Amino acid sequence: MDMFIVGIILTHCHADHDAGAFQKVLTGSPVVVITTPTIYKSFIRKYAALSSLSPALLKHSHRYKAAVIGEPLRFQGATFHFTYTLHSIPCVGFRVDWRGRSMVFTGDHFNNPPALEKLVERGVLSKQRAADLNHLPVQETDLLLHEAGAPPIHTPLDVLLKLPSEVKRRLYVVHTSALPEGCELRVAPTGTA
């Protein structure tokens, strides 16, 4: 099944997100790693240290395509737009447009409008940055994959439950194993179907 994987978008360097990418580049199959230069440097440094392989050798095990925030990236006929999310380490989310359809993947992202407003009041975030973070899950898209996990570095489930109905209709929750019984949200299905 992994012969169908031609590219990996690396959102950040937490093991539950990057260990599979490292395993894939070690197989020697032709794969492109797509992420920002900052995240890529962390990925190479982390896995060079863990594997005792040289950074140069790791870099030669795959191709790298830089995702630049604010610049569209074309890959396999699709157009990607990356943004940094709010997480404990550098992390990206993205929007992809392909053949008239679109999908947004938030990556790990602390999406909590009241908490973001407090960060603006304390001078930690600019108003524009908070607005961009708040807009990530509510933009017009065909499919929204939004994470939910343990705050304060992940989106609390109650924030997703308060999203407008038209957003929840196209929303699947990721980065969670289960949702509470009777919850109106859906966990993203697994597999290739």
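What counts as what
- Residues numbered from 1 in each chain as written.
- Predicted model: local features only at pLDDT ≥ 70, side-chain atom pairs only at ≥ 80, totals over all residues.
- Heavy atoms only, no water.
- Phe/Tyr/Trp six-rings, centres within 6.5 Å; stacked < 30°, edge-to-face > 60°.
- Lys NZ or Arg CZ within 6 Å of the ring centre and 35° of its normal.
- Pairing = 2+ DSSP bridges.
- Helix = DSSP H or I, 4+ residues; strand = E, 2+ residues; numbered from the N terminus.
- Buried < 20%, exposed > 50% of the residue type's maximum accessible area, 1.4 Å probe, protein only.
- Polar contact = N/O pair within 3.5 Å; in protein donor to acceptor, adjacent residues only side chain to side chain.
- Contact = heavy atoms within 4.5 Å.
- Axes fitted to C-alpha atoms, helices over the stretch in contact; angles between N-to-C directions.
- Core = buried A, V, L, I, M, F, W, Y, C linked by side-chain atoms within 4.5 Å.

Chemist: Just checking my understanding: could you explain the packing of aromatic side chains for this structure?
Modeler: How two aromatic rings sit relative to each other is given by the distance of their centres and the angle of their planes. What the rule picks out here adds up to 7 aromatic pairs. Aromatic rings pair up to connect Phe80, Phe82, Phe94 and Phe105 into one cluster. Taking the ring centre of Tyr172 as reference, the NZ or CZ of Arg186 above it sits at 4.2 Å.

Chemist: What's the story with the pairing of strand β7 (residues 101-105) in this structure? I'm lost.
Modeler: Successive residues of a regular strand alternate their side chains across the two faces of the sheet. Here strand β6 (residues 92-98) runs beside β7; their pairing, made up of 5 bridges, is antiparallel. Residue pairing for β7: Val96 is matched across the bridge by Met103. Between β6 and β7, which pair antiparallel and follow one another directly, the connecting turn spans 2 residues, one of which, Arg99, has a positive phi of 50°. In this structure, β7 lies alongside strand β8 (residues 143-147), joined through 3 bridges in parallel fashion. When the bridges of β8 are listed, Val104 appears paired with Leu144.

Chemist: Can you walk me through unusual backbone geometry in this structure?
Modeler: For Ser52, which is not glycine, the phi dihedral falls at a positive 60°. Note on placement: Ser52 falls in the loop between α2 (37-51) and α3 (55-59). Judged by its relative accessible area of 69%, Ser52 is exposed. Even without being glycine, His175 reaches a positive phi, approximately 65°.

Chemist: I keep staring at the side chain of His87 and nothing clicks. Help me out?
Modeler: Counting through the fold element by element, His87 comes out in the loop between β5 (78-84) and β6. For His87, a relative accessible area of 13% puts it in the buried group. Within the local environment of His87, its side chain forms a polar contact with the side chain of Asp108, the two groups lying 3.3 Å apart. For His87, the contacting residues outside a window of four places in its chain are His12, His14, Asp108, Ile153 and His154.

Chemist: Is there a simple way to explain the sheet that holds strand β1 (residues 7-9) in this structure?
Modeler: Backbone hydrogen bonds are what pair the strands of a sheet, in a parallel or an antiparallel way. Taking strand neighbours across the sheet as the criterion, the 3 strands line up as β1-β2-β3 in an open arrangement whose pairing is parallel. Looking at strand neighbours, the two that pair on one side only are β1 and β3 (63-66), the edges of this open sheet. Neighbour-to-neighbour, the strand axes of this sheet turn through a mean angle of 25°, independent of strand direction. As paired elements, β1 and strand β2 (residues 32-35) share 3 bridges and run parallel to each other. Along β2, the bridge assignment pairs Ile9 with Ile34.

Chemist: Looking at this model, I keep getting lost on the nonpolar core. Mind explaining?
Modeler: Within soluble globular proteins, side chains that are nonpolar tend to cluster in buried spots. Ranked by size, the top nonpolar core spans 30 residues in total, and within it Ile34, Phe43, Leu73, Phe80 and Phe82 carry the most contacts. Looking at this core, the elements with two or more residues in it are α1 (15-26), β2, α2, β4 (73-75), β5 and β6. With 6 residues, α2 is the single largest residue contributor to this core. Among residues more than four places away in sequence, those in contact with Phe43 are Leu10, Cys13, Asp18, Ala21 and Phe22. Val104, Leu136, Leu163 and Leu185 belong to the second largest nonpolar core, which has 11 residues in total.

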